[in-house]
Amino acid sequence: MDFTFIKQVIPLYTEAAWLTMHIALIGILLSLIVGLICALILYYRIPVLRTITSCYIELSRNTPLLIQLFFLYFALPNVGIKLSGVQCCIIGLTFLGGSYMEETFRSALDTVGKVQIESGQCIGLTRAQIMRYIVLPQAVSVSIPGFCANVMFLIKETSVFSIVAVADLMYVAKDLIGLYYKTDEALLLLALSYFILLLPVSMLASYAERRLRYAQFGNT
Amino acid sequence: MALLEVQHLRKSFDEHEVLKDISFSVEKGEVIVIVGPSGCGKSTLLRCINGLESIQGGTILLDDEVISNRTKDMHLIRQKVGMVFQSYDLFPHMNVLNNILLGPLKAQKRNRAKVEKEALEWLERVGLPDKAHSYPRQLSGGQKQRVAIVRALCMHPEVMLFDEVTAALDPEMVREVLDVLMNLAEDGKTMLIVTHHMEFARAVADKVIFLDSGLIVEETTPAQFFNHPASERGRKFLQNFTFEIRKK
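Since this is a predicted model, take the numbers as computed values, not measurements.

J.: Can you explain the overall build of chain B? Please cite residues and give values.
T.: Broken down by element type, chain B carries 9 helices and 10 strands. In terms of overall dimensions, chain B is globule-like: its C-alpha atoms have a radius of gyration of 18 Å, near the 18 Å expected for 248 residues. Principal-axis analysis of the C-alpha atoms gives chain B an extent of 55 × 55 × 35 Å. Within chain B, residue pairs in contact and separated by at least 24 positions form 66% of the contacts whose partners lie at least 6 positions apart. When the accessible surface of chain B is split by element, carbon and sulfur atoms take 47% of a total near 11,500 Å².

Quick look at the structure:
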């Protein structure tokens, strides 16, 4: 193991880690929004939009991110839409994450029983108020474990970004292997980088789970 | 003039007709108990009155205003018709006080301090003065049901509907909930109560409605109904609640 080499290349990894996290964060936030909108469309069974949403979800879940990125990066320019690598990654991640988030949110919305909604109706709340004060808060606490799993899944999915020439962690590692043939060092640093990125996320997730589920489920 | 009037109400689920031509009226301050065998349409009747079910015929009037089959402002009507369910559905993510305050604050936009004071007084009255900040999961069934009743009362409804509110409770808890209802009756609350507790029905009711297969079979005073039911169906139904001693 060449420690001087490792010391030299650490800044490259840090830089790549920042870029990875930057894209992941934007992608995850957008997935959250897309997922929530889609979940509400399906929950309220809004005609037309509902069909479009279902098509999107099937398309998104049944194709790999790699292929989605290829499409965005190599196929779209043929019809005049030119996107940068980073733009492709953000759109791709959102396209994939949106459907995963939607499934998590919708199943959580469904766990809030009909009688809860009727209880809300009985105290004179409107449909929007029932969603805001009764259904959503309960659904959020149910969806936390699934949501956190999605976040970690999406962060790990970023490892395919290198194929559209975005200098993320994977890209740096492959680059170093190609240039210096330091396979062990490069891969070790790569695994370590992902671990360091994800560990705080999973710790934050357990903390959020405990906090947000207290009211409903107690200290379990 | 009656406070609540149900005229020729018909309700069916697909082909199945659950309520066939139901008519009755409720005066202000009157307590009406609805009894009848399972599946006779008691619960459905209450659900129709506060608009949880649409109706296929007839009209329901509250204060001379048609309240049946309205779509746009049904939430405003429901503020005047309180309802408590069998399954005491408190909102599990809120503490007792917030459960009670949600309707008055969000639906009626009332003053927080005043409603809170009222809520605490009610909790005191139903014997739960120290539970305001507990979560529903920390309460027993009877306690939850009493909170659910307070939640409905704090909306200041003109009429209260109780749908088998003790059916899911242990015998000791039944008493504490029924005592609350008795108390309300003494206060002159207008109430429609569906129950299987005949002794309670006899004690609390001004009028008993006996419902069978979607029809009102008898509508009379509790003394009349429990002592001398006019119909054969009524007699048979009441026999379910008495036992003869077989062993000496």
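J.: I'd like to hear about the packing of helix α5 (residues 114–122) of chain A against helix α6 (residues 127–157) of chain A, residue by residue, with values.
T.: Residues and elements named next belong to chain A. Running from amino to carboxyl end, α5 crosses α6 at an angle of 155°, the nearest separation of the two axes being 10 Å. One way to sum up the angle between α5 and α6 is to call them roughly antiparallel. In the packing of α5 onto α6, the handedness of the crossing is right-handed. Taking contact as the criterion, the partners of Gln116, Ile117, Gly120 and Gln121 in α5 are, on α6, Ile130, Ile134, Val135 and Gln138. Of the residues contributing to the contact of α5 with α6, the split by class is 4 nonpolar, 4 polar and no charged.

J.: Let's hear about the sheet that holds strand β7 (residues 159–163) of chain B: which residues, and what values?
T.: Residues and elements named next belong to chain B. Across the sheet, which stays open at both edges, the 6 strands sit in the order β6-β7-β8-β3-β9-β10 with mixed pairing between neighbours. With one partner strand each, in any of the chains shown, β6 (81–84) and β10 (215–220) form the two edges of the open sheet. On average, each strand axis in the sheet is inclined to that of its neighbour by 20°, with strand direction left out of account. Of the strand pairs in this sheet, strand β3 (residues 31–35) and strand β8 (residues 191–194) are connected by 4 bridges, and their pairing is parallel. Counterpart to Val33 in the pairing with β8 is Ile193.

Rules and cut-offs
Residues numbered from 1 in each chain as written. Chains lettered and ligands numbered in written order. Predicted model: local features only at pLDDT ≥ 70, side-chain atom pairs only at ≥ 80, totals over all residues. Heavy atoms only, no water. Helix = DSSP H or I, 4+ residues; strand = E, 2+ residues; numbered from the N terminus. Rg over C-alpha atoms; globule rule 2.2 N^0.38 Å. Contact = heavy atoms within 4.5 Å. Areas by Shrake-Rupley, 256 points an atom, 1.4 Å probe, with all protein chains shown as cover. Axes fitted to C-alpha atoms, helices over the stretch in contact; angles between N-to-C directions. Parallel < 35°, antiparallel > 145°, perpendicular 65-115°, else oblique. Left-handed = near helix turned anticlockwise from the far one by under 90°. Nonpolar A, V, L, I, M, F, W, Y, C, P; charged D, E, K, R; others polar. Pairing = 2+ DSSP bridges.

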